[in-house]
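A look at the structure
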Amino acid sequence: MDTALTRLVGVRHPIVQTGMGWVAGPRLVSAAANAGALGVLGSATMTVDGLREAVREVKSRTDAPFGVNLRADAADAGDRVRIILDEGVRVASFALAPSRELIAELKEAGVIVVPSVGARRHAEKVAAWGADAVVVQGGEGGGHTGEVATTVLLPQVVDAVDIPVVAAGGFFDGRGLVAALAYGAAGVAMGTRFLLTSDSTVPDAVKARYLAATVRDVTVTRAVDGLPHRMLRTDLVAALENSGRARRLLHAVRRAAGFRRLSGLTWPQLVRDGLAMRHGKDLTWSQVLLAANTPMLLRSAMVDGRTDLGVMASGQVAGVIDDLPSCAELVERIMKEAEAVRERLTAAP
């Protein structure tokens, strides 16, 4: 299926596997790339040296294009960009809009820049700054999310910019891909659907929690880091929502200390990253610390399998997914479904 996305990044299918922290590692990314999708490494939870090792491992597993997802506001963003340039990574994606200068630096080196946005004005801004494409995530998507549904946000962005738009939030099958194309998108990006594959390294017990979830088991809460965060309902989330400020601050400090040791960040760097995630919001100090070490909460579940101690970011689609195909099986199935839908829609009555 030829679209502006496939032509831009050189993949066979207009599907993106998003750069989920602790989830989108070399195994998942290379499997997605070999299946013909654009695999994206989630680098925010990796050390700088770990990112270089991960990039090289992906390159050893596949010759297909892949990308790296970055936090443009991270203290060590420059070091991570240098790895992308040194290692010849095809695509740089961003969870937060990169600066005009950073976009120019990457493009000058031949890297394709694809920021993720949750509002039309943000898409217009990065397009004006030279971004090559944009991922637009509606409120159905997992992790930090907005309030506007994909079906409302997507056509707004498609009409507002003249670069390829990739739709995210609520996609998991071929019908969704065709729907996104009908809205004017050049492809779809999926996180939860790729998390729930046999190539994902997420522990089996955690995958089972996702598979058992209904759409009512996926919630949006501000209790974790003060920002709207879509995740599975758990006892930990309930406890954070019901705890007082002092308890939340103690919890945040403990988690922050653990993430600081794991990441190698200093306390000033950790607080700086937390403040950078505030997006102008009026957050308490416990929320600032939690914003900085949310990766630690995710790690407890996604790496250690501790669903009682961690959080599980999730799109609403978790409530309608009931299997664990390989990436190759998933992408092939989506593309067959999409072709069948297109044939049905274009068939003579």
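Throughout what follows, the structure given in this document is the object of discussion. (Residues numbered from 1 in each chain as written. Predicted model: local features only at pLDDT ≥ 70, side-chain atom pairs only at ≥ 80, totals over all residues. Heavy atoms only, no water.)

Regarding the packing of helix 6 (residues 120-128) against helix 7 (residues 150-160)
At a closest axis distance of 9 Å, the pairing of helix 6 and helix 7 adopts a crossing angle of 30°. Looking at the two axes, helix 6 sits roughly parallel to helix 7. Helix 6 and helix 7 meet at a crossing whose hand is right-handed. For the pair helix 6 and helix 7, contact is made by Arg-120, Ala-123 and Glu-124 and by Leu-153, Gln-156, Val-157 and Ala-160, respectively. A breakdown of the residues in the contact of helix 6 with helix 7 according to their chemical character gives four nonpolar, one polar and two charged. (Axes fitted to C-alpha atoms, helices over the stretch in contact; angles between N-to-C directions. Helix = DSSP H or I, 4+ residues; strand = E, 2+ residues; numbered from the N terminus. Parallel < 35°, antiparallel > 145°, perpendicular 65-115°, else oblique. Left-handed = near helix turned anticlockwise from the far one by under 90°. Contact = heavy atoms within 4.5 Å. Nonpolar A, V, L, I, M, F, W, Y, C, P; charged D, E, K, R; others polar.)

Let's talk about the sheet that holds strand 5 (residues 112-117)
What links the strands of a sheet is backbone hydrogen bonding, and the strands pair in either a parallel or an antiparallel sense. Taking strand neighbours around the barrel as the criterion, the eight strands line up as 1-2-3-4-5-6-8-9 in a closed arrangement whose pairing is parallel. Across this sheet, the average inter-strand angle for adjacent strands is 25°, counted without regard to direction. As paired strands, strand 2 (residues 38-42) and strand 3 (residues 66-70) are joined by four bridges and run parallel to one another. Across the sheet, residue Gly-39 finds its bridge partner in strand 3, namely Phe-66. (Pairing = 2+ DSSP bridges.)

Overview of the sheet that holds strand 7 (residues 143-144)
Spatially, three strands are ordered 7-11-10 in an open sheet, and the strand pairing comes out antiparallel. Strands with a single pairing partner mark the edges of an open sheet, and in this sheet they are strand 7 and strand 10 (218-221). Here strand 7 runs beside strand 11 (residues 229-232); their pairing, made up of two bridges, is antiparallel. Note that in strand 11 the partner of His-144 across the bridge is His-229.

Comments concerning the pairing of strand 8 (residues 165-168)
In strand 8, alternate side chains face the same way, and those of Val-165 and Ala-167 on one face and Val-166 and Ala-168 on the other are all buried. Examined bridge by bridge, strand 6 (residues 134-137) and strand 8 share four bridges and lie parallel to one another. If you follow Val-136 over to strand 8, its bridge partner there is Ala-167. Two elements, strand 8 and strand 9 (residues 187-190), share three bridges in a ladder whose sense is parallel. Looking at strand 9, one finds that Val-166 is bridged to Gly-187. As for the winding sense of the linkage, the β-α-β connection from strand 8 through helix 8 (residues 174-183) to strand 9 is right-handed. (Buried < 20%, exposed > 50% of the residue type's maximum accessible area, 1.4 Å probe, protein only. Right-handed = clockwise from strand over helix to strand, strands pointing away.)

What to know about helix 2 (residues 26-34)
Across the nine residues that make up helix 2, a large majority, seven, are buried. Restricting attention to buried positions, one finds in helix 2 the residues Pro-26, Leu-28, Val-29, Ser-30, Ala-31, Ala-32 and Ala-33. Gly-36, located one to two residues past helix 2, shows a positive phi value of around 100°.

Quick word on the pattern of salt bridges
This structure, assessed with the given rule, holds 18 salt bridges. The shortest N-O distance in the salt bridge between Lys-107 and Asp-132 comes to 3.5 Å. Of this pair, Lys-107 sits in helix 5 (residues 100-108) while Asp-132 sits in the loop between helix 6 and strand 6; the two residues are 25 residues apart in sequence, bridging distant segments of the chain. Ionic pairing is found between Glu-339 and Arg-342, a salt bridge with its closest N-O pair at 3.3 Å. Taken together, the positions of Glu-339 and Arg-342, both in helix 15 (residues 327-346) and three residues apart, correspond to about one turn of that helix. Since its relative accessible area comes to 29%, Glu-339 is described here as partly exposed. Judged by its relative accessible area of 35%, Arg-342 is partly exposed. (Salt bridge = Lys/Arg side-chain N within 4 Å of Asp/Glu carboxyl O.)

Functional significance is not addressed by these values, which are geometric in nature.
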